[in-house]
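Geometric and topological summary
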Amino acid sequence: MPGWLRDRLLLAATFTAIFSADLYFILLPKLRRMGQGSRQFCSCGPSNISLPGQGGLATPHLSNWTYVPPLGALTTDSTGSKLGRLFAHPLYNIQTPALGPEEKLLLVEQLMEYYRKKMSRWERLVHGVLFYKNRHLNVTFDPDASWLKFHLGINRYALYSRDDPAVPQLLEDMQGMAVVSADYTQDEKALKGVCDCTQVVKPSGHHLKLALKMHNFAKAMFKPMRQQRDEETPEDVFYFVDLQRHNAEIAAFHLDRVLDFRRVPPVTGRLVNVTGEILQVTHNEDLRAVFFTSPANNTCFFAKCLYVCKTEYAVCGNPNLLEGSLSAYLPGLSIAPRISIPNPWIRSYTFTGREEWEVNPFYCDTIKKLYPYNSGNRLLNIIDMSIFDFLTGNMDRHHYEIFTKFGDEGFILHLDNARGFGKHSHDEMSILAPLSQCCMIKSSTLVRLQLLARPEFRLSDVMRESLKEDPLRPILTEPHLLALDRRLQKVLRVVQRCIRRQGRDEVVTKDFAKSTGKPQTATEMKQTR
């Protein structure tokens, strides 16, 4: 073989060996890493439970419910709004069946007649008792008012529908409606200023809530600011004596809407003039008697209850303006009765006691056998509420309320959320006991939680955007917003552990399963309390 041919063959063999080495040691490992990286985007990691369809999200099994927009129409919001894209997602556009009269809380004729009578009583009060005080309280009844439309929109499934225009209008109206009357709330009046100071838990008064009546006959509950947003609840403070925070009420409404529960009445922030909008419009002498001027020349007031009937418990304007939350009232109990039921996972409201669920990991097995938790959706709704409370950090859920008209199939109202968002640095896992002990969750709840864990939405981001709508923004500090993401991951991990132990079919439950038990009357429900 000629020398030149031998040299060329040797060179070709050398290049072939080099290429083979590059292919085996460099190119193939890169291709493997690329393949592994591409699988990371399928949302199948341990922080997100693997479900088929919709890019890691399952289409929820909702009996008698249907999606409205096609799947290809999601995430087309041209404004770049994560909140807008979230609410455009098919999971947030599920229609209930056509609502019949029995599915609605109130009928138009029934509600209008009720408020015409209330308006007549108010006019007699103004022209009688209040006339000699030279107070001109101009109240008008508007049948098209946003708060009336909100009441008429309450149905078996939620307090309002996703696209109900009355809710944003009501929030806007509450921010500017003229206050014509201020008074104590009904539970405070029931106490008549008497409190048993030997009790650990005081029945009322600690949170200084007031009922404000507006010029168009709307009514809202006012909770004043008691704590700065950057303050955390001290570690040694028990949950049952914690301050109630106005910004927690506001944030809870937005979180409830983002989770698509829609079980919190509309809440907005507002600056209230404590002199012109409370003191000067109240005819309750007990309330007028608790106002005073502080050494800094600020107008202050405190609660009626004896144990906080001191100036150190007062809230003060600056000098008259005081920020607080305004929560829309639900329809009156005489027209829309509600019942308060002890939470099966109620906490011990003593310094040393413990409840059975705190010491018995199989407590839910007993609850599942008891009426009304042995069928229908009540237990699933309790678990929804526990997830909601865990995200806010609210440990003070001793009772829950339902509308009696809807019986066992009605939703649970998420009322009184002011003790949430007190600690951003601590996640109280015991709040999730209903979920971790029962290992059950609604399909729709799970897939929405998974959706909010994805980076293109992210719970903290959509909450930050939603809370910007409130006039008292910022409502939550960044540590509280980031805590929502951390807690959401913990909820998903609890569900994942349940699925590993029991299987998905046992854990993830269809929504709105029909109850097998007979409907319970209001009298029977009271007897089970």
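Thresholds, definitions, all that
Residues numbered from 1 in each chain as written. Predicted model: local features only at pLDDT ≥ 70, side-chain atom pairs only at ≥ 80, totals over all residues. Heavy atoms only, no water. Helix = DSSP H or I, 4+ residues; strand = E, 2+ residues; numbered from the N terminus. Buried < 20%, exposed > 50% of the residue type's maximum accessible area, 1.4 Å probe, protein only. Contact = heavy atoms within 4.5 Å. Salt bridge = Lys/Arg side-chain N within 4 Å of Asp/Glu carboxyl O. UniProt positions renumbered as here; feature names shortened; annotations may be inferred. Polar contact = N/O pair within 3.5 Å; in protein donor to acceptor, adjacent residues only side chain to side chain. Pairing = 2+ DSSP bridges.

The helix and strand tally for the protein stands at 17 helices and 14 strands. In the protein, buried positions account for 50% of the 529 residues. Partitioning the intrachain contacts of the protein with sequence separation of at least 6 by distance along the chain shows that 76% fall at a separation of at least 24.

Bringing the pattern of salt bridges into the picture now. Here the structure, examined in full by the defined rule, presents 24 salt bridges. Across the salt bridge formed by Lys490 and Asp427, the nearest N and O atoms sit 2.8 Å from each other. With Lys490 in helix H15 (residues 478-502) and Asp427 in the loop between strand S12 (399-403) and helix H12 (433-438), this pair connects stretches of sequence that are 63 residues apart. What makes Lys490 partly exposed here is its relative accessible area of 24%. Taking relative accessible area as the criterion, Asp427 reaches 10% and is therefore assigned buried.

Residues given the UniProt feature "binding site: ATP" (unreviewed entry) here are Lys223, Ser327, Ala328, Tyr329, Leu330, Glu401 and Asp416. You can see Lys223 is positioned in strand S5 (residues 219-224). The exposure class of Lys223 is buried, given its relative accessible area of 4%. Side-chain polar atoms of Lys223 contact the side chain of Gln244, separated by 3.1 Å. Residue placement: Tyr329 occurs in the loop between strand S10 (321-328) and strand S11 (338-342). Among the residues examined, Tyr329 registers a relative accessible area of 23% and is labelled partly exposed. Leaving out residues up to four positions away in the same chain, Tyr329 has contacts with Phe150, His151, Thr185, Ala211, Lys219, Ala220 and Met221.

In the UniProt entry, the feature "binding site: Mn(2+)" (unreviewed entry) is given for Asp416. Of note, Asp416 is situated in the loop between S12 and H12. Here Asp416 is in contact with Lys223, Gln244, Glu249, Asn394 and Arg397, once residues within four sequence places are set aside. Engagement of the side chain of Asp416 in a polar contact is seen with the side chain of Lys223, the distance being 2.9 Å.

Here the focus is unusual backbone geometry. Along the chain, Tyr371 connects to Pro372 via a cis peptide bond; the corresponding omega equals 5 degrees. Looking at the secondary structure, you find Pro372 in the loop between helix H10 (363-367) and helix H11 (378-392). In the segment running from Arg473 into Pro474, the intervening peptide bond is cis, with an omega of 0 degrees. Mapped onto the secondary structure, Pro474 falls in the loop between helix H14 (459-467) and H15. For Arg262, which is not glycine, the phi dihedral falls at a positive 60 degrees. Take Arg262: it is sitting in the loop between helix H7 (246-258) and strand S6 (267-273).

This part covers helix H13 (residues 443-453). Taken across its eleven residues, H13 has ten buried, putting it largely inside the fold. Those residues of H13 that fall on the buried side of the exposure criterion are Ser443, Ser444, Thr445, Leu446, Val447, Arg448, Leu449, Gln450, Leu451 and Leu452.

On to the sheet that holds strand S7 (residues 291-293), then. Read from one edge of the open sheet, three strands run S7-S8-S9, paired in antiparallel fashion. Pairing within the sheet leaves two strands with one partner each, and these edge strands are S7 and strand S9 (315-316).

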